[in-house]
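# Structure assessment
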Amino acid sequence: MLDTPNSSPAIKGMYIGGNWVPAARTFDDLNPSDNTLYARIPDGSVDCARKAIAAAKAAFPAWAALRFHERARLLLKAADVWEARKDDFIAAAMHEGGGWYGKGVFEAGYVAEVFRSSAALCYQNIGEVLPSEHGKFSTATRWPLGVVSVISPWNMPGILTARGFTAALAMGNTIVLKPSEDTPYAGGLFFAEILEEAGFPPGVFNVITCSRDSVAAVGDELVESRDVKAVSFTGSTAVGRHIAAKCGAHLKKACVELGGKDSLIILEDADLEHAAKAANFGSFMHQGQVCMSTEKILVQQDIYDVFMAKFLARAAKLRTGHTNDKDNVIGPLVNNRQAKRVQALIEDAVAKGAHIELGGKCWDNFVEPTVLTNVDASMNIWNEETFGPVAIVVPFRTEQEAIALNNDTEYGLTAAIMTADEARALRMAEHLETGMVHINCQNINDEPHVPFGGVKASGVGRYGGRWSIDAFTELRWITLDRGGRHFPPAF
Ligand code: NAD
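Here's what I pulled together on the structure shown here.

What counts, and where the lines are drawn
- Residues numbered from 1 in each chain as written.
- Predicted model: local features only at pLDDT ≥ 70, side-chain atom pairs only at ≥ 80, totals over all residues.
- Heavy atoms only, no water.
- Helix = DSSP H or I, 4+ residues; strand = E, 2+ residues; numbered from the N terminus.
- Expected span 1.5 Å × (residues − 1).
- Buried < 20%, exposed > 50% of the residue type's maximum accessible area, 1.4 Å probe, protein only.
- Contact = heavy atoms within 4.5 Å.
- 1 Å grid on protein atoms, 1.4 Å probe; cavity = no way out; pocket = protein on both sides within 12 Å on 5 of 7 lines; lining within 4 Å.
- Points joined across faces, edges and corners; volume = space filled by probe spheres on them.
- Near = heavy atom within 4 Å.
- Polar contact = N/O pair within 3.5 Å; in protein donor to acceptor, adjacent residues only side chain to side chain.
- Areas by Shrake-Rupley, 256 points an atom, 1.4 Å probe, with all protein chains shown as cover.
- Sits in = over half its atoms within 2 Å of the grid points.
- Domains from an automatic or database assignment.
- Pairing = 2+ DSSP bridges.
- Right-handed = clockwise from strand over helix to strand, strands pointing away.
- Axes fitted to C-alpha atoms, helices over the stretch in contact; angles between N-to-C directions.

For the rest of this paragraph, the subject is helix H2 (residues 68-84). Given a rise of 1.5 Å per residue, 17 residues ought to cover 24 Å, and the 25 Å separating the end C-alpha atoms of H2 matches this to within 8%. Looking at H2, one finds that the buried residues are Arg71, Ala72, Leu74, Leu75, Ala78, Ala79, Val81 and Trp82. Residues of H2 that are buried make contact with helix H1 (46-65), helix H3 (86-95), helix H4 (101-121), helix H5 (157-170) and helix H6 (185-198).

Below, the structure is given as structure tokens:
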């Protein structure tokens, strides 16, 4: 059993303009392992969102004017405060988010690096000097946008929230964050505690929380308010489409990172021990609730049986249960709605002829690691993002067939290829319709400084490194004439 504190955090309110502010109502935030009450969270209203936007707008001029190294220093301080409190985050990720202890440790370590890599962005090139026909001093320079709304999901509440706002802050924008109603503490109010302790000026970073019932109205305000200049969204494709459409109508910038239906391709010359281990991690890490989870394992016919024996033997060892026990690598799904949805996908597939090779049991919010074969396009699980601990294994004969199977989805987040032939994999990678391709690894990969993002229905825009600078700044062409521009004599 566990030494990570299981107690509920003291919820001080929402964080607006440097103050902790209550809402008229609260909603219950449950521990998905046993549905006990984790915390009572302020159920913020549209009016609360307006106040947070106003606070961020008021803080913007001074924050944007602050010297870049001062912003960097504050982000580095936030990284240190985060590290000092990492056990509190790990506890929240387990008891609020339903994550395995090891996932919490990984996430806590990664978030500190997200803060630090964003601090490094403050020192990056923010402009270019262009040639001019008239001998002008001609520059393309980057400027902060203003208030950025950040809407984050529950599955990696630390990493995906941090990724959503730290680069925007580094560039001189101010933030209103709305975390998921499933992780309002780990993905929201906890960050407010960190940035308050790090000494960020009031109003630069604001957090409002709200229930699923309030999110449509609050979300619309966060996107449509005239004072919000851009939206940073990570979540489902359905909600992302809605937000991107509204941003389009209001001509605002949007960076939207959405769902996936990712394939791992295993070619006949792959190291099958490594492939089985990688497939097990890619499919079942955090119960398959990662946008980059390996949802389809495509296996070349000749090695199918050998691979399956190795893969099933490994997956069978994963234990499912309450996250209080560190040996339960597979925790609950985040809520009962998600658990029922995944169960329905398994039932639909089995009713239409899929075989259960492993698992298949569902109880409370838990779904055992499940492996399905004989799956085809008539089944919902072929097309829909499962976002649960269910892997589909599909045999193929040729490279072309594997590429076609990989591309047979509306999504395009990541693809992965296992082979001893690097040149063959690089050749195949050119034809895979995804924003990211990993060779001799599984699908789940991210680093703070790389261009992370998808194509097709997996999103628009990139997070990470200098690509975040593009997302959270606007370009201005500024020229300085030194007498080189001549006008027609008629003028
Ligand atoms: P979700 O879309 O239901 O919720 C995401 C966020 O949007 C939450 O904060 C939610 O409260 C908010 N939201 C919901 N309705 C809204 C509305 N009408 N207006 C404004 N905001 C609204 O997604 P989720 O269930 O939290 O997360 C799981 C999904 O996120 C999966 O599809 C997963 O693939 C995707 N995801 C993508 C990435 C990526 O980087 N591509 C990373 C993680 C998760």
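Overall, the coordinates contain three cavities of 30 Å³ or more when judged by the stated rule. Approximately 160 Å³ is the volume found for the largest cavity. As for the largest cavity, its lining consists of 18 residues, and the residues nearest its centre are Val114, Arg163, Pro448, Gly464 and Gly465. Of all elements in the fold, only H4, H5 and helix H15 (465-471) reach the threshold of two or more residues within the lining of the largest cavity.

Turning our eyes to something else, we now look at the site of the ligand. In the vicinity of the ligand there are 30 residues, among which Ser152, Glu181, Ser236, Leu258 and Glu385 approach most closely. At 2.7 Å from an oxygen atom of the ligand is found a main-chain nitrogen or oxygen belonging to Ser152. Within the backbone of Leu258, an N or O atom sits 2.6 Å from a nitrogen atom of the ligand. Here the ligand, which alone exposes 840 Å², has 94% of that area covered by the protein. Here the ligand is seated within the largest pocket. Both of domain 1 (14-258 + 458-477) and domain 2 (262-439) provide at least three residues apiece to the shell around the ligand.

The element strand E20 (residues 414-418) is largely enclosed, with a buried count of five among its five residues. Residues of E20 alternate between two faces, with Thr414, Ala416 and Met418 on one and Ala415 and Ile417 on the opposite face, all of them buried. Across four bridges, the pairing between E20 and strand E21 (residues 436-439) is parallel. What sits directly across from Thr414, in E21, is Met436. Tracing the backbone out of E20, into helix H14 (residues 422-429) and back to the parallel element E21 gives a crossover that is right-handed.

Before going further, it helps to examine the sheet that holds strand E17 (residues 370-373). In spatial order, the strands read E14-E17-E18-E13-E12-E20-E21; together these seven strands make up an open sheet with mixed pairing. For this open sheet the edge positions go to strand E14 (355-358) and E21, each flanked by a neighbour on one side alone. Adjacent strand axes in the sheet meet at a mean angle of 25 degrees, parallel and antiparallel pairs treated alike. The sheet contact formed by E14 and E17 spans three bridges and is antiparallel. Considered in E17, the bridge of Ile356 is made with Leu372. The sheet strands contacting helix H10 (residues 304-315) are strand E12 (262-266), strand E13 (294-300), E14, E17 and strand E18 (390-396), and the helix crosses E18 at an angle near 170 degrees.

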